[in-house]
Amino acid sequence: SCGIDILRNQEDNDLVINTYLSEDYKDFIIDKYEQFRRILISAPTGCGKTELAIQLAKKYNAIVLVPFNSMLNLYSKDKDFVEISSSSSEQYTETKPVVMLWDQAVKYDFKDRLVISDETHLWFSERDFRLSAVKTFSLAKSWKNLICISATPSAEIDLLNLTVFKFTHKREMI
């Protein structure tokens, strides 16, 4: 199970996850998103971050940005999602949740829609998609509604001025 350490929002809660974020803390995270509008959820692998992102995207009709094609498949296997990719024939829509690779984000104006970035720490990694990640990061600074998700957020994430919710495994808290 996991616990949470809330940073930069002056709350002193010590919360413990018994199963997954998507089960134990969905309502808590919805409340915090609606309060702050720009948040980072940091939790270890296996705590249910992607499942939570799927649920939030459906609730808010959000855009989900992912770095890899394999992650596109995690979301688009759910028929509620529209997949936007270079190999997809689907069109951008404002009426359904959308999943797309980071390099596609520069083509659209998300207006006031919630944008969820999964594996956000990879924005700052040295990978083949570095240029599109930097462009996406530059756009993200102006998005009004943003949830970043990462198991290992880097220090650069501070440039986005997010309220951070850091979950840790209970065994790490002992």
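Attention here is on the structure that accompanies the text. (Residues numbered from 1 in each chain as written. Predicted model: local features only at pLDDT ≥ 70, side-chain atom pairs only at ≥ 80, totals over all residues. Heavy atoms only, no water.)

Moving on to unusual backbone geometry. A positive phi angle, near 50°, is found at lysine 111, a position not held by glycine. Looking at the element boundaries, lysine 111 is found in the loop between helix 5 (102-105) and strand 7 (115-118). Take lysine 111: its relative accessible area is 54%, and that puts it in the exposed class. The backbone of glutamate 119 sits at a positive phi, close to 60°, despite the residue not being glycine. In this fold, glutamate 119 is placed in the loop between strand 7 and helix 6 (130-140). When its relative accessible area of 25% is taken as the criterion, glutamate 119 is described as partly exposed. (Helix = DSSP H or I, 4+ residues; strand = E, 2+ residues; numbered from the N terminus. Buried < 20%, exposed > 50% of the residue type's maximum accessible area, 1.4 Å probe, protein only.)

Along an α-helix, a turn takes 3.6 residues, which lines up residues three or four apart on a common side. For helix 2 (residues 26-36), the full list of buried residues reads Phe28, Ile29, Ile30, Lys32 and Tyr33. Arginine 37, located one to two residues past helix 2, shows a positive phi value of around 70°.

So, to be careful, I would describe these as geometric facts and stop short of saying anything about function.
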